[in-house]
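Residues per chain are reported as follows:
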Amino acid sequence: MAILVLAVPVATWVFSRLPALDAYAPYFLGSYGLGALVALTQKRPRERVLLWVVMIVLVLDLCIDWRDRQALALATAAGLCIWDMWHIDWRMPAWVGRANDLSYALFVTHFSLLIGLGAWWSSQGPSGNTAAVAYLGVAAALSWAWAWALKAICDGSGAWLARYLTPWARRA
């Protein structure tokens, strides 16, 4: 806890002010550390004072040098703290939980494809609005094809496992 209390403001002051680190992990240490601090204080409510001290320091930092990402991280952390302090008991509908799981799976499986397409576009892609719309259409089509291919692979491997390994599992 003490490491996070010290690391979050330091990471925010140092790394988030360096535009050269904008695409690298150290840039986000303050935001991720703030999220971890919020999670820890939900399990240890007595230490929430430390979180509020860190958040006040970060507000002062934003007053000196405004950065949108840090403001968003701070607002999200404050919202989560207030939500937890008010003990709002909101039952998430099953479809929201399923959509949450699916969105993470889509992110993980499509991230490399979209990064590759973006890298190609920035280095080789034509310019102009029409080309951008065409690129988005191609990226969407490739994403759908990628999703169907991954589903077929997963379904096929699941069928193979069920067919060939289930008899062995029954014997065990």
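What counts and how
Residue numbers run consecutively from 1 along every chain, following the written order of its sequence. Local features in this predicted model are restricted to residues whose pLDDT is 70 or higher, and side-chain atom pairs enter the listing and the counts only when it is 80 or higher, whereas totals over whole chains, interfaces and linings include all residues. Each side-chain value is derived from all of the structure's non-hydrogen atoms; neither hydrogens nor water enter the calculation. Axis definition: a line fitted to C-alpha atoms, over the contacting stretch in the case of helices. Angles run 0 to 180 degrees between N-to-C directions. The helix count covers DSSP runs of H or I at least four residues long, the strand count covers runs of E at least two residues long, and both are numbered beginning at the N terminus. Should an angle fall under 35 degrees it is taken as roughly parallel, and over 145 as roughly antiparallel, whereas 65 to 115 is taken as roughly perpendicular and any remaining angle as oblique. Helix crossings fall into two classes, left-handed where the near helix is turned counterclockwise from the far one by less than a right angle and right-handed where it is turned clockwise. The contact definition used throughout considers only heavy atoms, calling two residues in contact when any of these lie within 4.5 Å. Only Asp, Glu, Lys and Arg are considered charged in this grouping, and only Ala, Val, Leu, Ile, Met, Phe, Trp, Tyr, Cys and Pro are considered nonpolar; every other residue, Gly among them, is considered polar. Here a salt bridge means any side-chain nitrogen of Lys or Arg lying within 4 Å of a carboxyl oxygen belonging to Asp or Glu. For the exposure calls, accessible area comes from a 1.4 Å probe over protein chains only, and a residue counts as buried if that area is under 20% of its type's maximum, exposed if over 50%, partly exposed in between.

(A) How the structure looks around the packing of helix α3 (residues 48-64) against helix α4 (residues 68-85). Put simply, α3 and α4 touch, their axes get as near as 11 Å, and they point 150 degrees apart. When the axis of α3 is compared with that of α4, the two are roughly antiparallel. You can see that α3 and α4 cross each other, and the crossing is left-handed. Here Arg48, Leu51, Trp52, Met55, Leu58, Val59 and Leu62 of α3 lie close against α4, whose contacting residues are Gln70, Ala71, Leu74, Ala77, Ala78, Cys81, Asp84 and Met85. When the residues that make up the contact of α3 with α4 are grouped by side-chain class, the tally is 12 nonpolar, 1 polar and 2 charged.

(B) Molecular detail of the pattern of salt bridges. Using the criterion set out here, one finds 5 salt bridges in the structure. Its salt-bridge partner being Arg17, residue Asp61 comes within 2.2 Å of it at the nearest N-O pair. Taken together, the residues Asp61 in helix α3 and Arg17 in the loop between α1 (2-14) and α2 (29-43) connect sequence positions 44 residues apart. On the basis of relative accessible area, Arg17 is assigned to the partly exposed category, the value being 31%. Close ionic contact of Arg67 with Asp61 constitutes a salt bridge, the shortest N to O distance being 2.5 Å. Accessibility classification places Arg67 together with Asp61 in one group, the buried group.

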